[in-house]
Amino acid sequence: MAYLITGGARSGKSLFAEQCASRLASRGIYIATSRVSDDEEMHQRVNLHQQQREQSTFRWETIEEPDLLADRLVDIGKRADEQLLIGQQPPAVLVDCLTLWLTNRLLHHEASPPEMLENEINQLVETVASYRHPLLLVTNEVGSGIVPAYSLGRIFRDVAGRMNRLLAERCERVFLVASGIPVDLKRIAFSWDEL
């Protein structure tokens, strides 16, 4: 059961995803996709998020995975399947966030043919579609702003939009969080039958 949670920066999507996880399972795995180098501001953000999870009554295991996200989800899914066989409830898995993962992969494939990045996105989408346990994916809605002035920014915006669209098609639920208010997009989605 996969949920896609999107919204703008600081919209409340990560908090909403954490709250969902706590209602879907008794514990969670938090997959952090950021690549923290020498960026002090990013270190502070990561530390704040870690402290908030540690202070929560919901038990989190944090895994840092900036690159091989699909492979990591496959491994976690296999362990969850094994847990079910012995009567244990699998954890809710929260990936935060897909656009940071995409940034990492875009920079990795910057000099490669575009198909290589598309293949990784397709692999992730298929992994999400086949994941059988609670899975929450946080992503940014990046296509609503101005067109970036530089080529790599435009490529990122376009690829992120395609990735989000493909994942939204495969996820059971899709939420847009705006100003801290989650909206269930699939429940209010237009149907061609309405015309």
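Description of the structure in this document. (Residues numbered from 1 in each chain as written. Predicted model: local features only at pLDDT ≥ 70, side-chain atom pairs only at ≥ 80, totals over all residues. Heavy atoms only, no water.)

1. Quick notes on the packing of aromatic side chains
1) Next: Summed over all chains, the structure comprises five aromatic pairs.
2) Next: Ring plane angle 50 degrees and centroid distance 6.0 Å describe the contact between Tyr3 and Phe175, whose orientation is recorded as tilted. With Tyr3 in strand E1 (residues 2–7) and Phe175 in strand E6 (residues 173–178), this pair connects stretches of sequence that are 172 residues apart. There is no split in this pair, since Tyr3 and Phe175 are both buried.
3) Next: Ring centres of Phe190 and Trp192 lie 5.2 Å apart, and the angle between their planes is 80 degrees; this geometry places the pair in the edge-to-face category.
4) Next: Classification of Phe190 as partly exposed rests on a relative accessible area of 48%.
5) Next: Members of the aromatic cluster, each reached through a chain of ring pairs, are Tyr3, Phe16 and Phe175.
6) Next: Above the ring of Tyr3, the side-chain terminus of Arg173 is found at 5.8 Å from the ring centroid. (Phe/Tyr/Trp six-rings, centres within 6.5 Å; stacked < 30°, edge-to-face > 60°. Helix = DSSP H or I, 4+ residues; strand = E, 2+ residues; numbered from the N terminus. Buried < 20%, exposed > 50% of the residue type's maximum accessible area, 1.4 Å probe, protein only. Lys NZ or Arg CZ within 6 Å of the ring centre and 35° of its normal.)

2. Quick look at unusual backbone geometry
1) Next: In this structure, Cys97 follows Asp96 across a cis peptide bond, with omega equal to 0 degrees.
2) Next: Examined against the element boundaries, Cys97 turns out to sit in the loop between strand E4 (92–96) and helix H4 (98–108).
3) Next: The phi dihedral of Arg10 is positive, around 60 degrees, even though this residue is not glycine.
4) Next: Positionally, Arg10 belongs in the loop between E1 and helix H1 (13–24).

3. Some points on the environment of Gln19
1) Next: Considering the arrangement of structural elements, one finds Gln19 in helix H1.
2) Next: Along the sequence, Gln19 and Phe58 sit 39 residues apart, while their C-alpha atoms lie 9.2 Å from each other.

4. Overview of the pairing of strand E7 (residues 181–184)
1) Next: Where E6 meets E7, four bridges bridge the pair, whose relative direction is antiparallel. If you follow Phe175 over to E7, its bridge partner there is Asp184.
2) Next: In sequence, E6 turns back onto E7 through a hairpin of two residues, with Ser179 there showing a positive phi of about 50 degrees. (Pairing = 2+ DSSP bridges.)

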